[in-house]
Amino acid sequence: QVQLVESGGGWVQAGGSRRLSCVASGGTFSMYAMGWFRQSPGKERENVERISQSGGFTYYTDSVKGRFTISRDNAKNTVYLQMHSLRPEDTAVYYCAGRLGVSSALESDSATNDWGQGTQVTVSS
């Protein structure tokens with residue numbers, strides 16, 4: 001099991017940018033597929049992005065394509081979510097998740113992911 005701590009959330013005006021970070025400890029980070037999820041009130045949790053262990057494969061949900069970028073630095077045990085052109089509908093608690101194995105399982109078997117505590121992102125119009 002890996003421990004995950006997110007940071008970088010906060011308030012931002014629509015059209016602005018924000019970068020989230022998630023630092024992992026307690027495991028071999030390079031063996032973990034990583035992902036970012038978000039959840040806003042009244043909505044189901046959504047897998048926004050995910051990235052394979054080497055960073056060679058990434059997945060983006062349609063609503064963030066061209067605006068958000070996931071990346072990782074295995075030397076720093078950190079995964080990032082760079083967000084540009086933020087919209088009010090991006091307002092949510094953003095969670096970092098990790099797991100061993102294929103990155104698609106982050107979404108298909110999310111109940112067994114390792115999770116961070118979440119960081120709030122609020123986009124004001």
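For the structure itself, look to the data block above.
All of the points below concern the structure found in this document.

The subject of this paragraph is the environment of M83. On the secondary structure map, M83 appears in strand 8 (residues 78-83). Separated by 64 residues in sequence, M83 and R19 have C-alpha atoms that sit 5.9 Å apart. If we skip the residues at most four places from it in the chain, M83 touches G16, S17, R18, L20, R67, F68, Y94 and V121.

For the coordinates displayed, the defined rule picks out 6 salt bridges. Ionic pairing is found between R50 and E107, a salt bridge with its closest N-O pair at 2.8 Å. Pair noted here: R50 is in strand 5 (residues 46-51) and E107 is in helix 1 (residues 105-108), with a separation of 57 residues, a long-range link. Its relative accessible area of 8% is what places R50 among the buried residues.

Looking now at the sheet that holds strand 3 (residues 18-25). Read across the open sheet, the 4 strands follow the order 1-3-8-7; overall the sheet is antiparallel. Pairing within the sheet leaves two strands with one partner each, and these edge strands are strand 1 (3-7) and strand 7 (68-73). Taking each pair of neighbouring strands and ignoring which way they run, the sheet shows an average axis angle of 15°. Pairing of strand 3 with strand 8, which is carried by 6 bridges, proceeds in the antiparallel orientation. Its bridge partner lying in strand 8, L20 is registered against L81.

What counts, and where the lines are drawn
Residues numbered from 1 in each chain as written. Predicted model: local features only at pLDDT ≥ 70, side-chain atom pairs only at ≥ 80, totals over all residues. Heavy atoms only, no water. Helix = DSSP H or I, 4+ residues; strand = E, 2+ residues; numbered from the N terminus. Contact = heavy atoms within 4.5 Å. Salt bridge = Lys/Arg side-chain N within 4 Å of Asp/Glu carboxyl O. Buried < 20%, exposed > 50% of the residue type's maximum accessible area, 1.4 Å probe, protein only. Pairing = 2+ DSSP bridges. Axes fitted to C-alpha atoms, helices over the stretch in contact; angles between N-to-C directions.

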